[in-house]
Structures are given as structure tokens and as C-alpha cells.
Amino acid sequence: MAIVDKLGAALDNGAAGAILTSVDALADWSRGQSLWPMPMGTACCAMELIAASFSKFDFDRLGTFPRPDPRHTDVMVLAGTITEKMKPAVKRLYDQMPDPKWVVAMGNCTVPGGIFYYDTYSVVRGADSFLPVDVYISGCPPRPEALQDGILQLRELVRTESISRGKRHARNLLLPGAPAGASDGGGDAE
Amino acid sequence: MNLDELQHRLSELSPVLAPFFSLEFGDAVVGVSSDKLLETARELREIGFDRLGMVTAVDRGEFLTLVYRLQSRSLSSALFVKTKVSPAEPHVASLFEVWPAANWQEREVFDLFGIVFDGHPDLRRIMLPDDFDGHPLRKDYDNPAMIRRPDYI
């Protein structure tokens, strides 16, 4: 357990908000700038994920750099249909990722099952049946811009998360990266 | 090699198989009964059909049709071998010893249609989870966990 998590657990029981806010700001600033995805490409959405990470769409300008090793990554991008046969492998890779970790469900197949929703004996209808999904991106497949927008939404989520479990705070904290008055959770200036 | 030439060559190379040769929708087909399948396969391999491209099956209701697609480099041609299998007793000889490529292909047919290939070295499911119940490409397959498509979609 990381030291910030220990601190967060200690502060769970109604401790001083001022200290927590500063620690939150530091933790969120360090976590939210550069989310490295684990590209869990199980079907055709992986092509868009690959396109998003190469030079034309350039994922790297968001600090997002796909790594093939779950132990290097913060966010699992579920790109493609997940079958019952694949489900244990996806779960295992998710379990291998270090905390804190997030999940982006990319494409219709991972949101409700997509075109495989009806009459299927082999497809998992919705990745949220076995993983805690944070951001859903619809589309069949979504364009690379949609995926990048999903990552920006996730960054917003990460930056408003409190290390104290289950709590959220307004967007704007002490550290740079967030312009004053942007506390509504809207547009992030790159 | 076109189909007439193939038929001619087949009657030259293998008079035993020639009566089973036919044309279906512009494809060359050798239709045999399931107990003759293994010797037919050996014969076809002997005369030059050295590549097994595909194994699949069709559920026709009263029977299952097992379909093999063979290709030949020496004859520059391809043909289908078809055989009928009873759905109640779905046993047929494995062609693994003739074409090793049959290994995974027959596992797939076993997985989805439930046809048992006698003599197969490792007949397990290949596409579906090991604990899956039933053979889903059979017409009579039903799974209560499936959500049925409504009529209006």
C-alpha cells in the first residue's frame, strides 16, 4: 500500500480537510498527468487504438503511451469483443496491474455486448459484469478522437478523485495544471 | 486444371474413387459414406491432394454433413470431400494420420457440432471454454442464458 493510500485510510474517519486537500492535490497531480494504457485489444477496436497511438493522432501528446506489460500501466483500455473464453485472461491481466488503476471500455462490444448482445452463447455482455469500468466510449468502432476524449475524461476523473476512498472534490486544487475557475470539471487546457 | 480435366485425371489416377465424383454448384465433390472416409482420404493423399485446407460441418436436420476441402499442388486443383454423419451417433474416423492439419480443425468441428473423431490424438474443445455445455452450431442447441432477439429488430 502506497504511503498516500495509508494517509488516505487514516483520514477516512473525519480528519482535517486542509491536510487532506493538499495531499489529494499532490496525489492527483502525480497520477493524472500521464496515464499509461494497457492495450487490451481483443478485436477490431484495437485497430483504432493502434491508430490513436501512432503519429497521425499522437496519443503521446496526452502523456498516454501504450505499454504491453500490465505492470507498467495505469489504465486498461478494453478494445474489442470479450468472449467467455477470453474473460479469465482479461481479469488476470487486470489483476496484474498495480493500484491505482482504471478501466476504459472502448466500443459497443465492451459496453453492453454490442451486436453480440442477442442470441450469443460466447460473448460477455458488458465488461462491467466483471471489471470496474470508469469510462464508457460508444462506437463500432469509436474513432481515435473519441478514444482520446475518453482518456481526457478519465484524467478529469482521476484529478477529482480523493485518496480517501469514495470521496470526490471540486476540480481546482493547489498545484499547476488546472486554470482557476475550472472547478466545474469542464475543458482541460493542454 | 479445370473441372473436366480434374474428373478425367481422377478416373485415370484412381478408378476406385471416380464413381463418387460429382459436381455441385461448380465445385468438384467426392461424396463417400462415413465408414469409407479414412481410406478415401488415404487414396486422395496418394494421388496428390497434399493439403487439407478446411474442415467444417453442416447441420441438415436428419443428418450432419461433414465437409473437407482438399488442395493439390501437383494437380493445381481443389475438391471437397463430403460425408454424412448421424446426429445421434456422431462418430467418424479422424484424418489426423493422413493430414496432420486436421488436428485443430477437427477439434473445432467437435467443439461446435459435437462430432467425435475416433483416433484423434487430443480431442478437446478449442474455441469455447472447457466447461461449456452443448455444441452450439447444432440446430437444436438452446441455452437459457441467451437473450433472444425480439421480432421488431
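Residues numbered from 1 in each chain as written. Chains lettered and ligands numbered in written order. Predicted model: local features only at pLDDT ≥ 70, side-chain atom pairs only at ≥ 80, totals over all residues.

Regarding the overall build of chain B
Line of reasoning, step 1. Within chain B, the secondary structure is distributed over 3 helices and 7 strands.
Line of reasoning, step 2. Ordered by position from the N terminus, the helices and strands of chain B form the series α-β-β-α-β-β-β-β-α-β.
Line of reasoning, step 3. Its C-alpha atoms give chain B principal-axis dimensions of about 55 × 40 × 25 Å. (Helix = DSSP H or I, 4+ residues; strand = E, 2+ residues; numbered from the N terminus.)

Description of the domain arrangement of chain A
When the parts of a complex come together, some accessible area is lost, and that lost area is often used as the size of the interface.
Residues and elements named next belong to chain A.
Line of reasoning, step 1. One can read the domain layout of chain A as domain 1 (1-32 + 160-190) and domain 2 (35-157).
Line of reasoning, step 2. Facing the 6 residues of domain 1 at the interface are 5 residues of domain 2.
Line of reasoning, step 3. Broken down by class, the residue content of the side of domain 1 that touches domain 2 amounts to no nonpolar, 3 polar and 3 charged. (Domains from an automatic or database assignment. Contact = placed C-beta atoms within 7 Å. Nonpolar A, V, L, I, M, F, W, Y, C, P; charged D, E, K, R; others polar.)

Some remarks on the sheet that holds strand S2 (residues 75-79) of chain A
All names here are of chain A.
Line of reasoning, step 1. Taken in spatial order, the 4 strands make up an open sheet running S1-S2-S3-S4, and their pairing is parallel. Pairing within the sheet leaves two strands with one partner each, and these edge strands are strand S1 (37-41) and strand S4 (135-137). Between one strand axis and the next, the sheet turns through 15° on average, direction left out of account.
Line of reasoning, step 2. One ladder, built from 5 bridges, connects S2 with strand S3 (residues 102-106); its direction is parallel. Opposite methionine 76, over in S3, you have valine 103 as the bridge partner. (Pairing = 2+ DSSP bridges. Axes fitted to C-alpha atoms, helices over the stretch in contact; angles between N-to-C directions.)

Considering the interface of chain B and chain A
Line of reasoning, step 1. On the chain A side, the residues contacting the 9 residues of chain B number 8 residues.
Line of reasoning, step 2. When grouped by side-chain class, the residues that make up the side of chain B that touches chain A number 6 nonpolar, 1 polar and 2 charged.

Details of the sheet that holds strand S4 (residues 64-72) of chain B
Residue and element names in this part refer to chain B.
Line of reasoning, step 1. Across the sheet, which stays open at both edges, the 5 strands sit in the order S1-S2-S5-S4-S3 with mixed pairing between neighbours. The open sheet has two free edges, formed respectively by strand S1 (21-24) and strand S3 (51-59), since each of these has just one partner strand. The mean angle between the axes of side-by-side strands here comes to 30°, regardless of whether they run parallel or antiparallel.
Line of reasoning, step 2. The pairing of S3 with S4 spans 8 bridges and is classified as antiparallel. By the bridge assignment for S4, leucine 52 is matched with leucine 70.
Line of reasoning, step 3. Seen against the sheet, helix H1 (residues 3-13) touches S1, strand S2 (27-32) and strand S5 (77-85) and runs at an angle of roughly 165° to S1.
Line of reasoning, step 4. Against the sheet, helix H3 (residues 102-113) touches S3 and S4, its axis set at about 10° to S3.

What about unusual backbone geometry?
Residue and element names in this part refer to chain A.
Line of reasoning, step 1. That bond from aspartate 99 to proline 100 is cis: its omega, -5°, falls within 30 degrees of zero.
Line of reasoning, step 2. As for its position among the elements, proline 100 is in the loop between helix H4 (87-96) and S3.
Line of reasoning, step 3. Between cysteine 140 and proline 141 the backbone carries a cis peptide bond, its omega angle lying at -10°.
Line of reasoning, step 4. When you line up the elements, proline 141 lands in the loop between S4 and helix H5 (144-159).
Line of reasoning, step 5. Positive phi outside glycine occurs at aspartate 58, with the angle close to 55°.

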